[in-house]
Amino acid sequence: AIGFDGYGIGGLSVGETRDEMGPALAAAIGALPTDRIRYLMGVGDPARLVDAVAMGVDLFDCVLPTRHGRHGTVLTDAGRFNLRNSQFRTDSSPLDEACPCGVCQRWSRAYLRHLLSVHEPTGARLVTLHNLAWLVRFVADMRQAIRLGRFHAFRTEALAIWS
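These numbers were taken from a predicted model, which means no experiment stands behind them. (Residues numbered from 1 in each chain as written. Predicted model: local features only at pLDDT ≥ 70, side-chain atom pairs only at ≥ 80, totals over all residues. Heavy atoms only, no water.)

**Looking at the sheet that holds strand E1 (residues 6-9)**
We count it as follows: Strand pairing is assigned whenever DSSP identifies at least 2 bridges connecting the two strands. Each helix is a run of H or I in the DSSP string that is no shorter than four residues. Each strand is a run of E no shorter than two, and both are numbered from the N terminus. Lines fitted to C-alpha atoms define the axes, with helix axes restricted to the stretch in contact, and inter-axis angles between N-to-C directions lie between 0 and 180 degrees.
Strands sit in the order E1-E2-E3 across an open sheet of 3 strands; the sheet is parallel. Among the strands making up the open sheet, the edge pair consists of E1 and strand E3 (59-61). Taking the axes of each pair of neighbouring strands and ignoring which way they run, one obtains an average angle of 20° across the sheet. In the sheet, E1 pairs with strand E2 (residues 37-41) via 4 bridges, with the strands oriented parallel. If you follow Gly-8 over to E2, its bridge partner there is Tyr-39.

**Quick notes on the packing of aromatic side chains**
Put simply, the rule reads: Here a Phe, Tyr or Trp ring, Trp counted by its six-membered ring, pairs with any other such ring whose centre lies within 6.5 Å, and the pair is stacked when the planes are under 30 degrees apart, edge-to-face when over 60, and tilted otherwise. Only protein chains enter the accessibility calculation, which uses a 1.4 Å probe; a residue whose area is less than 20% of its type maximum is buried, one above 50% is exposed, and one in between is partly exposed.
Using the criterion set out here, one finds 5 aromatic pairs in the structure. Here Phe-4 and Tyr-7 contribute two aromatic rings whose centre-to-centre distance is 5.7 Å and whose plane-to-plane angle is 85°, an arrangement assigned as edge-to-face. On the accessibility criterion, Phe-4 (44% relative accessible area) is partly exposed. Judged by centre distance (5.2 Å) and plane angle (20°), the rings of Trp-134 and Phe-138 are stacked. In this pair, Trp-134 and Phe-138 both sit in helix H6 (residues 121-147), 4 residues apart, roughly one turn of the helix. When sorted by exposure, Trp-134 lands in the same class as Phe-138, which is buried.

**Examining the pattern of salt bridges**
Keep this limit in mind: For salt bridges, the criterion is a side-chain nitrogen of Lys or Arg within 4 Å of an Asp or Glu carboxyl oxygen.
Counting across every chain of the model gives 9 salt bridges. With a closest N to O distance of 3.6 Å, Asp-35 and Arg-36 form a salt bridge. On the basis of relative accessibility, which here comes to 56%, the residue Asp-35 falls in the exposed class. When salt bridges with common partners are traced through the structure, they connect Arg-18, Asp-51 and Arg-155 into a single cluster.

**Structural notes on the packing of helix H2 (residues 46-55) against helix H7 (residues 151-162)**
Rules: By definition in this entry, angles of less than 35 degrees are roughly parallel, angles greater than 145 are roughly antiparallel, angles of 65 to 115 are roughly perpendicular, and the rest are oblique. Here a crossing is called left-handed whenever its near helix is offset anticlockwise from the far helix by less than a right angle, and right-handed whenever the offset is clockwise. Should any heavy atoms of two residues lie within 4.5 Å, those residues are considered in contact. Think of it as three bins: nonpolar holds Ala, Val, Leu, Ile, Met, Phe, Trp, Tyr, Cys and Pro, charged holds Asp, Glu, Lys and Arg, and polar takes everything else, Gly as well.
Two elements in contact, H2 and H7, have axes separated by 9 Å at closest approach and are oriented at 155°. Here H2 is positioned roughly antiparallel relative to H7, judged by the angle of their axes. Crossing handedness for the pair H2 and H7: left-handed. Residues Pro-46, Ala-47, Val-50, Asp-51, Val-53 and Ala-54 of H2 lie in contact with H7, whose contacting residues are Phe-151, Phe-154, Arg-155, Ala-158, Leu-159 and Trp-162. Tallied by class, residues from the contact of H2 with H7 come to 10 nonpolar, no polar and 2 charged.

**Focus on the side chain of Arg-113**
As a reminder, the rule being used: In this tally Asp and Glu are treated as negative and Lys and Arg as positive; neither His nor the chain ends contributes.
Structurally, Arg-113 can be placed in helix H5 (residues 109-117). Buried within the structure, Arg-113 lacks any salt-bridge partner; its nearest side chain of opposite charge belongs to Asp-91, at an N-O separation of 9.6 Å. Excluding its chain neighbours within four sequence positions, the residues that come into contact with Arg-113 are Leu-83, Arg-84, Asn-85, Ser-86, Phe-88 and Arg-89.

**Things to note about H7**
Defined as follows: For a helix, the expected span equals 1.5 Å multiplied by the number of residues minus one. Note: the arc covers the axis-to-C-beta directions of the helix.
The end-to-end C-alpha distance of H7, which contains 12 residues, comes to 16 Å, matching closely the 16 Å that a straight helix rising 1.5 Å per residue would cover. Looking at H7, one finds that the buried residues are Phe-151, Phe-154, Ala-158, Leu-159 and Trp-162. Projected down its long axis, H7 carries its buried residues within an arc of 125°, all on one side. When the buried face of H7 is taken as reference, the exposed residues oriented beyond 90 degrees from it are His-152 and Ala-160. Along its buried surface, H7 packs onto helix H1 (18-30), H2, strand E4 (73-76), strand E5 (79-82) and H6.

Listed below in structure tokens is the structure:
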């Protein structure tokens with residue numbers, strides 16, 4: 001009755017599973033007006049993002065891409081991986097072959113792994129920048145899929161990778 005411009009939904013993604021989060025989010029969204037922005041606080045993993053968008057969420061924020069970056073976890077079109085693993089010691093490929101970000105265009109997995117291994121803060125910053133760029137591109141691709149009427153297919157593809 002107050003008529004807020006938008007509504008924030010919080011308290012989810014604090015340890016419950018995706019299966020537990022879904023019904024709670026659906027109940028919260030069901031009580032909100034459909035003509036106002038619905039903002040989901042603290043959710044940032046790709047599987048939960050596509051699930052939430054399917055339920056009608058419009059906006060998100062989360063520390064996930066930056067926290068992952070600081071600890072060497074890389075978000076990619078093929079899923080996530082830990083760059084600190086020894087298999088990347090001599091890997092000259094970019095973090096994600098499909099990513100157009102400046103980090104992927106300039107530095108190799110091996111170099112970024114080296115920076116992380118010697119505790120050079122630049123390594124964590126660069127992985128963080130990549131993760132942010134990747135997530136922005138993921139959300140832009142999701143928005144485009146909605147516009148083109150292929151969100152269901154996009155969601156299915158994303159969940160196959162990120163579930």
